[in-house]
Amino acid sequence: MTKIYKFQDDISTEASKELQKCSSLAIDTEGSGLQIPHRDKLSLVQFSTGNNDAYIIQPNRKNYKAPNIVKILENDKITKIGHYLRYDVSGLEYFLKCEVKNIFDTKIASKLCRTYSQNHGLKDLVSEFCGKKLDKKLGSSDWNKNLEELTDAQLQYCSNDVIYLHKISAALKKMLIRENRLELYENSIKFLKTRIKLDQSGFTEDIFQH
Ligand code: MN
């Protein structure tokens, strides 16, 4: 059973101190939709230490004041592992007005080293590296309900998006090294912040394409 901790507005100072002892944290967010930030808003932020736990925080959508979350995100000693951070980092930086430092993106890593597969969804990686079947059905559900109204199934769903990421990132890092693509990966990640700026400025297409 995943140990789930819920927080309203911001993670508690005690929990935040615990999390900051970790060298890496898995991270994910849920929003009211995929068009962040202009149409949709950040609804939930999830962390995991990698020990089958999930810290689920519902930020205050009126002011998005969450200094304890920001402290974690801006701590460059902690690697934030996420899947498709182009979405999550965009929402976090825009709504929490912060800079997310030191990131590892399992989707970009997967695309660069798992060239034998066309499938780079979290579900595919969880299946390959953790031998578990992820149910993504609840992905599009109402995350803006009150924290107490979120169902156990919803809470387990948004925990599942973070609890496997440590294992997956370790496996992918080994593969990137084996395939001699670590440098290419690192340079791709350096561009992510610019990619997000392009998204937020309306340039959602690939500007390198002919
Ligand atoms: Mn998610």
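Anything mentioned here points back to the structure above.
Residues numbered from 1 in each chain as written. Predicted model: local features only at pLDDT ≥ 70, side-chain atom pairs only at ≥ 80, totals over all residues. Heavy atoms only, no water.

Asker: Mind showing me how you'd approach the packing of helix α4 (residues 106-113) against helix α8 (residues 182-200) here?
Answerer: Relative orientation and spacing of two packed helices are given, respectively, by the angle between their axes and the distance between those axes. Here α4 crosses α8 at 140 degrees, and the two axes come no closer than 10 Å. Viewed along their axes, α4 and α8 adopt a mutual orientation that is oblique. Two packed elements cross with a definite hand, and for α4 against α8 that hand is right-handed. Within the contact between the two elements, α4 uses Ile108, Ala109 and Leu112 and α8 uses Leu184, Tyr185, Ser188, Ile189 and Leu192. For the contact of α4 with α8, the per-class residue count stands at seven nonpolar, one polar and no charged. (Axes fitted to C-alpha atoms, helices over the stretch in contact; angles between N-to-C directions. Helix = DSSP H or I, 4+ residues; strand = E, 2+ residues; numbered from the N terminus. Parallel < 35°, antiparallel > 145°, perpendicular 65-115°, else oblique. Left-handed = near helix turned anticlockwise from the far one by under 90°. Contact = heavy atoms within 4.5 Å. Nonpolar A, V, L, I, M, F, W, Y, C, P; charged D, E, K, R; others polar.)

Asker: I keep staring at the coordination of the manganese ion and nothing clicks. Help me out?
Answerer: Geometry reference: four tetrahedral donors at a metal, ideal angle 109.5 degrees. Six octahedral donors, ideal angles 90 or 180 degrees. Bound to the manganese ion on the protein side are Asp28 (OD), Glu30 (OE) and Asp161 (OD), at distances that span 2.0 to 2.2 Å. Along the chain, the residues donating to the manganese ion fall in the pattern D-x1-E-x130-D. Taken as a pair, aspartate 28 in strand β2 (residues 24-31) and aspartate 161 in helix α6 (residues 152-163) lie far apart in primary sequence, 133 residues in all. Among the residues examined, aspartate 28 registers a relative accessible area of 9% and is labelled buried. Given a relative accessible area of 6%, aspartate 161 falls into the buried group. (Donors = N, O, S within 2.8 Å, 3.2 Å for Na, K, Ca; no water. Buried < 20%, exposed > 50% of the residue type's maximum accessible area, 1.4 Å probe, protein only.)

Asker: What is the right way to look at the environment of serine 24 in this model?
Answerer: Its location among the elements puts serine 24 in strand β2. The class of serine 24 is buried, set by a relative accessible area of 18%. Apart from the residues lying within four places of it in its own chain, the contact partners of serine 24 are Thr49, Ile78, Thr79, Ile81 and His166.

Asker: Quick question: what am I supposed to make of the layout of surface pockets here?
Answerer: Summary: where empty space remains is shown by rolling a probe the size of a single water molecule over the atoms. Considered as a void within the structure, the largest pocket measures approximately 570 Å³ in volume. Lining the largest pocket are 23 residues, and of these Glu30, Leu34, Tyr87, Lys136 and Tyr157 sit closest to its centre. Elements represented by at least two residues in the lining of the largest pocket include exactly β2, α3 (85-96) and α6. In terms of residue count, β2 provides more of the lining of the largest pocket than any other element does, five residues in total. Classifying every residue of the lining of the largest pocket by side-chain character gives eight nonpolar, nine polar and six charged. Taken as a whole, the second largest pocket holds about 340 Å³ of empty space. Taken together, 14 residues form the lining of the second largest pocket, with Arg86, Ile108, Lys111, Leu192 and Arg195 sitting closest to its centre. Those elements that place two or more of their residues in the lining of the second largest pocket are α3, α4 and α8. (1 Å grid on protein atoms, 1.4 Å probe; cavity = no way out; pocket = protein on both sides within 12 Å on 5 of 7 lines; lining within 4 Å. Points joined across faces, edges and corners; volume = space filled by probe spheres on them.)

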